[in-house]
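# Survey of secondary and tertiary structure
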Amino acid sequence: MFVTGAAGFVGSHLVDTLVEHDANVHAFVRATSSGELGNITHQADEITVHRGDLRDKASVENALSALQGTGDAIIFHLGAQAHVGESWDRPYDTVDSNVVGTLNLLQSCIDLDLDIDKFDTAGTSEEYGNVNEEKSDLYDYATDGGVLLSERSPVNPKSVYATSKLTADFLTMNYYDAYGLPTVTTRMFNNYGPRQNPRYITGTIITQALEREQIELGALHPKRDMCYVQDGVRGHLHVALAGESGEQYVYGYGENVTMRDWANMILSVGKDHDYWGEREIVQRDDRFRPGDSDVEELRVGYEKINRLTGWEPAVSWEEGIRRTIDWYAKNPQAWKMRVDWR
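Described in the following lines is the structure provided in the data block. Source: prediction; values computed, not measured. The residue numbering used here restarts from 1 in each chain and proceeds along that chain's sequence as written. The predicted nature of this model means local features are confined to residues of pLDDT at least 70 and side-chain atom pairs, given and counted, to a pLDDT of 80 or more, with totals for whole chains, interfaces and linings taken over all residues. Hydrogens are left out, water is left out, and the side-chain values use all remaining heavy atoms of the structure.

Another aspect to go through is the pairing of strand β4 (residues 73–77). Only protein chains enter the accessibility calculation, which uses a 1.4 Å probe. A residue is then buried if its area is under 20% of the maximum for its type, exposed if over 50%, and partly exposed in between. Where helices and strands are cited, they refer to DSSP runs of H or I of at least four residues and of E of at least two residues respectively, numbered from the N terminus. The buried fraction of β4 amounts to five of the five residues, a majority that puts the element mostly inside the structure. As paired elements, strand β1 (residues 2–4) and β4 share three bridges and run parallel to each other. Note on β4: the bridge partner recorded for Phe-2 is Ile-75. Looking at chain direction, β4 and strand β5 (residues 116–122) are connected through five bridges and run parallel. The partner of Ala-73 across the bridge, within β5, is Ile-116. When DSSP finds two or more bridges between two strands, those strands count as paired.

To continue, consider the packing of helix α2 (residues 57–64) against helix α4 (residues 91–111). Packed helices, taken two at a time, are described by the angle between their axes plus the distance between the axes. Fitted lines through C-alpha atoms give the axes, limited to the stretch in contact for helices. The angle between two N-to-C directions lies from 0 to 180 degrees. Relative orientation of the contacting elements α2 and α4 amounts to 50°, with a least axis distance of 9 Å. The pairing of α2 with α4 is recorded here as oblique in orientation. For the pair α2 and α4, the crossing hand works out as right-handed. On α4, the residues touching Lys-57, Val-60, Glu-61 and Leu-64 of α2 are Asn-104, Leu-105, Gln-107, Ser-108, Cys-109 and Asp-111. Following the grouping adopted for this structure description, the nonpolar residues are Ala, Val, Leu, Ile, Met, Phe, Trp, Tyr, Cys and Pro, the charged ones are Asp, Glu, Lys and Arg, and the polar ones are all others, Gly among them. The residue inventory of the contact of α2 with α4, partitioned by class, reads four nonpolar, three polar and three charged. Under this scheme an angle from 65 to 115 degrees is roughly perpendicular, one under 35 degrees roughly parallel, and one over 145 degrees roughly antiparallel; angles in between are oblique. We call a crossing left-handed when the near helix sits turned anticlockwise from the far one by less than a right angle, and right-handed when that turn is clockwise. Contact criterion: two residues are considered in contact whenever any of their non-hydrogen atoms come within 4.5 Å of each other.

Another aspect to go through is the side chain of Asn-197. Checked against the element boundaries, Asn-197 lands in the loop between β9 (191–192) and α6 (201–211). Residue Asn-197 is classed as buried on the basis of its relative accessible area of 13%. Among the polar contacts made by the side chain of Asn-197, one reaches the main-chain amide nitrogen of Arg-199 at a distance of 2.9 Å. Not counting the four nearest positions on each side in its chain, Asn-197 is found in contact with Tyr-328 and Arg-338. A 3.5 Å cut-off defines polar contacts: any pair of N or O atoms within that distance qualifies, except that in protein one atom must be a possible hydrogen donor and the other a possible acceptor, and neighbouring residues in sequence count only when both atoms are side-chain atoms.

Even without being a glycine, Arg-195 presents a positive backbone phi close to 80°. With respect to the secondary-structure elements, Arg-195 resides in the loop between β9 and α6. Overall, Arg-195 belongs to the buried group, its relative accessible area being 16%. Although it is not a glycine, Asp-274 sits at a positive phi angle of roughly 65°.

Any carboxyl oxygen of Asp or Glu that lies within 4 Å of a side-chain nitrogen of Lys or Arg is treated as forming a salt bridge with it. Per the stated rule, a full pass over the model turns up 26 salt bridges. Residue Arg-55 pairs with Asp-53 through a salt bridge whose shortest N-O separation is 2.8 Å. A salt bridge links Asp-111 to Lys-57; its shortest N-O distance comes to 2.9 Å. Here Lys-57 lies in helix α2 and Asp-111 lies in helix α4, a separation of 54 residues in the sequence. The class of Asp-111 is partly exposed, set by a relative accessible area of 43%. Several salt bridges share partner residues, and in doing so they unite Asp-53, Arg-55, Glu-86, Arg-90, Asp-93 and Arg-199 into one network.

The structure is reproduced here in structure tokens:
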């Protein structure tokens, strides 16, 4: 197994699961002067670590060469610049990492003539953006009239991040069409859980609630389909092991919630478990996405992966939130220097 973004949020949980099942794990992590492994330090003796940079084809090819001579390797491509807000602050880095990085991986598989079992590129629900009214007849709808996003839904990216990930998806399919590389693309809807960067919505709510009485947030009306990280990891594994090459698979909780209600749910769970007392939510204009770039509503219809593998979410929102709060409360050293609200 070869995992890019292995020291990141979802990648580290995937590495844990693979090690737990005695897989031979090759972890590709960004080379730094300190050489720290971050979220996978505890697995250092159980995995093979490759340090490099997705933007540097030489280091990518050197790492992937470890798979030569194997015929059942699976590549999980989770490495990316994955923050919507930062994609506006660092657009060139976002495109280089997400587009050029994906291209380097795909082309290296061809140049090295690797015989792999599956190549899974992790996409994002942000690729769907807002409903394109001119294509409204192409969407699926729930009984309440809300849009259910599936593999068939039109895409309409509204940020540099979303556009870069959509491009990576198309590149992945290009290499299946041209070279028969056994690729799949996955779109996991809004993930959350332990180890996530505290600048994402769940982390910023929790870290602020742990430290102060007022919670400063941006837009609270958008709806998101929140999927716990372990359910997301299970989705990646189900698709990699049973998915059909050349296909796309989307999955998430199957319900959505406004960011105001999500924040209130987090604050309620934290209060009920004595992590904090009363907290107040306030909106700040400087925490909104720029211009007309916000996505109003995301909700997944995951029938395809469910029919194929039986996958469905196993962790409730309340339980996922409790586990996530507990991790932030016990690991302040992992997030205190990374928050964007101080």
